[in-house]
Every structure is written in structure tokens, then in C-alpha cells.
Amino acid sequence: MVESVTVRAPCSTANLGPGFDVFGLALDAYYDQVQLKKEGKEIRIQSMDSIPTELEKNSAGLVIKEMARKFKIKSGLVIKIKKGVPPGFGMGSSAASAAAAAVAFDALFKLKLDGNSLVQYAGIGERASAGSVHYDNVAASVLGGFVIVRTAPFDVIRISPPKDLVLCVAVPKIPVPQKKTEVSRKVLPKQVKLSDHIKNLSNASALTAGFMKKDVFLIGSSINDIIVEPARKHLIPGFDKVKKNALRAGAMAVTISGAGPSMIAFTSTSSNPKRISDSMKKGFSEAGIDCTVAICRPSKGATVI
Ligand code: HSE
């Protein structure tokens, strides 16, 4: 009888410009690992990383608590979490742990849940950090590749990204508020102009077509968000400089990764990603901020290892 399962789940970038709360892309830059083990009488979290270990305050803990309740699991469980995704920087850190937890629970108890159900369970974990449920990061971490989250009716559509898509991520070393996603959602407009909605919708549609057609240039030229990015960019010191530098260095598009403060540039194998990531680092450094850069590719989803 299997008593323990370990799952590795990738980080992700959400929104990809115009697809706020709808688009996600799994990235091979960082991974979280969750081991789920039947042990004792209670559910508890173990980690060497500085993350909350109360079930309700941890995205993986919330997922396991809810799944154990739903599937009437009586045994105790130990959730061992190894963080690889930097928490609080817009790289889908809470989502990676939540996705790994949902997939581990499914494997340990042989539930054979489908992709949509796994994403919905993983989404419960987002409440721990965002204060509300959104599925773009968890969908990417569970399923891998590029994902479109439709909420009514709930359905996640996965598309394999083009092989020549390359991403440059810059993670600035700045202090982030504890509930950063919640904070960065509060600055967003409650209502948008119809003409702005049309512009974002047309870019979002073109971006989807770009993934379907495996056309990196169509993807790049569609990453243009006139609703969320302008409302959030003041939260990222050096934003304009980083974006300008990366575009000058050959990036097709640059935007905020998820709720930020990381920034992400979209490029292709035919460009010079090192030059682009160096230019992003320089942009942050001109604003007096150090940053970590990663050149990455789309990743597959959460995997039992
Ligand atoms: N779509 C979410 C947001 C992602 O931008 O708030 C959070 O990582």
C-alpha cells in the first residue's frame, strides 16, 4: 500500500498582459515540491522554509484540509513542503504548492480526478494568499503549458506553447507586503471603459490564436494590457525603465508577471535572451534595486516523482 507521494510543480506567470485572471503559463524557472504522507491522527505541515505552517494560512494546507474533508479521509497526514518558487513575487508561488498538494492527494488516495477538478481543488489554496480564489496560476501549475481559465461554466483549456518561445523573468529584491496579491488587486479599477475592454479583448483573442498557431510573434505582439498594467505599475519601482530596456534589447513584449513585482519579457530562440535579461537587471539597478533574472521556457505541469 502506498503511504507517501511526492509531487513537483512548476512556477507560473499569470495574465500575460490582457488575460487578467484568465491566462496562465507554466515556467521551468522554479519548482515547489510537496510530499504527502499518511502518518498520525492529524494533518500537519513540515517545512524547512520560512512559510506559514498553520493549515489555513498555507496554500497547500488549505487544499489538503479541504480535500480530506470532501473525501472523508480519516488518517492523519504530513505535508512536507520544499519551496523553490520565491514567495510573493508574482511567480505563482502559493499556486505551485497548492497544485502539488492537490496532485499529491489525488495520487495518494488514487482518486483519478480530471484536470478541471484538480485545478478547482488547487484553487482553494489561493485564498491563503490572495484572499479570493483565482485559477490562472494553479491551472498552469497543475496542467503545464499555456492555459485559459473559463469560469462560467468552469473549464480549463490547455494549449501546448510553441517550442521557440523563451521568457526572461526579473525578480526584484524589494520588500513585498504579506498579502501582496490581495494588496495589488485592491488598486485595480472596479469598472472599465467599453473601448478599453475591446482593446484588451482583441489582444487576448489574438494571443490565444498565437498559441494555437504556435506563432511566437503573434503572441508577442498581443501582450498589451491597457487596464491592469497601468493600474499596478506604480507598485514596481523601475517598471518603465525595465520595460523600455528589454524592448530595446529585442524583447517582443514586457509586462508584469501575475500580480508582480516580477517582470517578464517574451522573446524567441532567434533573439538574444541574455541581452534582454541583462537589460532588465540594468533597468532595476538604475532604480536602485537588485534583482534575480532567469531565462526560461514553458514547463510541463505537476508531476509525481
Ligand atoms: N491574476 C492574478 C492577479 C494572479 O493578477 O491578481 C496573481 O498571481
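Structure report, in brief. Source: prediction; values computed, not measured. (Residues numbered from 1 in each chain as written. Predicted model: local features only at pLDDT ≥ 70, side-chain atom pairs only at ≥ 80, totals over all residues. Heavy atoms only, no water.)

### Considering the overall build of the protein chain
For clarity, the cut-off: Elements are defined by DSSP. Helices are runs of H or I of four residues or more, strands are runs of E of two residues or more, and each kind is numbered from the N terminus. This radius of gyration counts C-alpha atoms alone. The globule rule is 2.2 Å times how many residues there are, raised to the power 0.38. Each residue is placed in one exposure class: buried if its accessible area under a 1.4 Å probe, protein chains only, is under 20% of its type's maximum, exposed if it is over 50%, and partly exposed if it falls in between. Only heavy atoms enter the contact rule, under which two residues are in contact if any of them lie within 4.5 Å.
Scanning the protein chain from terminus to terminus reveals 11 helices and 11 strands. Taken over the C-alpha trace, the protein chain has a radius of gyration of 19 Å; the compact-globule value for 305 residues is 19 Å, and the two agree within 12%. Its C-alpha atoms give the protein chain principal-axis dimensions of roughly 55 × 40 × 40 Å. The buried share among the 305 residues of the protein chain stands at 55%. If you take every contact in the protein chain between residues at least 6 apart in sequence, the share linking residues at least 24 apart comes to 74%.

### A short note on the packing of aromatic side chains
Worth spelling out the cut-off: Only Phe, Tyr and Trp rings are paired, with Trp represented by its six-membered ring, and only when their centres lie within 6.5 Å; those with planes under 30 degrees apart are stacked, over 60 edge-to-face, the remainder tilted. In our convention, an over-ring charge means Lys NZ or Arg CZ found within 6 Å of a ring centre and within 35 degrees of that ring's normal.
Taken as a whole, this structure holds six aromatic pairs when the rule is applied. Judged by centre distance (5.8 Å) and plane angle (55 degrees), the rings of Phe71 and Tyr121 are tilted. Within this pair, whereas Phe71 is found in the loop between α1 (59-70) and β4 (77-82), its partner Tyr121 is found in helix α3 (residues 115-124), the two being separated by 50 residues in sequence. Exposure remark for Phe71: the relative accessible area of 27% places this residue in the partly exposed category. With centroids separated by 4.9 Å and ring planes inclined at 65 degrees, the aromatic side chains of Tyr135 and Phe154 adopt a geometry described as edge-to-face. Taken as a pair, Tyr135 in the loop between α4 (127-130) and α5 (136-143) and Phe154 in strand β6 (residues 154-159) lie far apart in primary sequence, 19 residues in all. For Phe154, a relative accessible area of 19% corresponds to the buried category. By the ring-pair criterion, three or more aromatic residues cluster together here, those being Phe71, Phe105, Phe109 and Tyr121. Sitting above the plane of the Tyr31 ring, Arg8 keeps its charged end 3.8 Å from the centroid.

### As for α1
Put simply, the rule is: How far a helix is expected to stretch is found by multiplying one less than its residue total by 1.5 Å.
Across its 12 residues, α1 extends 17 Å between first and last C-alpha, which sits within 8% of the 16 Å expected from 1.5 Å per residue. If you check which residues of α1 are buried, you get Ser59, Ala60, Gly61, Leu62, Val63, Ile64, Met67 and Ala68. A positive backbone phi angle near 50 degrees is found at Lys72, which sits one or two residues after α1.

### A closer look at the nonpolar core
In plain terms, the rule: We define the nonpolar core as a collection of buried residues of types Ala, Val, Leu, Ile, Met, Phe, Trp, Tyr and Cys that are connected through side-chain atoms lying within 4.5 Å of one another.
Residues Leu36, Ile79, Phe105 and Val119 are the most contacted members of the largest nonpolar core, which totals 44 residues. In terms of residue count, the dominant contributor to this core is helix α2 (residues 93-108) (10 residues). Those residues in contact with Val119 that lie beyond four places of it in its chain are Tyr135, Val138, Ala139, Val142, Leu143, Phe154 and Val156. By size, the runner-up hydrophobic cluster in this structure holds 28 residues, among which are Cys11, Phe89, Ile148 and Ile223.

### Quick notes on the packing of α1 against α3
To characterise two packed helices, one gives the angle between the axes of the helices and the distance between these axes. Stated formally: Axis definition: a line fit to C-alpha positions, over the contact stretch in the case of helices; interaxial angles, taken between N-to-C directions, run 0 to 180 degrees. Oblique is the label for any angle not under 35 degrees, not over 145, and not in the 65 to 115 range, which are roughly parallel, roughly antiparallel and roughly perpendicular in turn. Put simply, a crossing is left-handed when the front helix is turned counterclockwise from the back one by less than a right angle, and right-handed when it is turned clockwise. Throughout this entry, Asp, Glu, Lys and Arg are counted as charged residues, while Ala, Val, Leu, Ile, Met, Phe, Trp, Tyr, Cys and Pro are counted as nonpolar. The remaining residues, Gly among them, count as polar.
Viewed as axis vectors pointing N to C, α1 and α3 meet at an angle of 120 degrees, and their least axial separation amounts to 7 Å. Here α1 is positioned oblique relative to α3, judged by the angle of their axes. At the point where α1 passes α3, the crossing takes the right-handed sense. Note on element contacts: α3 touches α1 through Tyr121, Ala122 and Ile124, opposite Leu62, Val63, Glu66, Met67 and Lys70. Split into classes, the residues belonging to the contact of α1 with α3 amount to six nonpolar, no polar and two charged.

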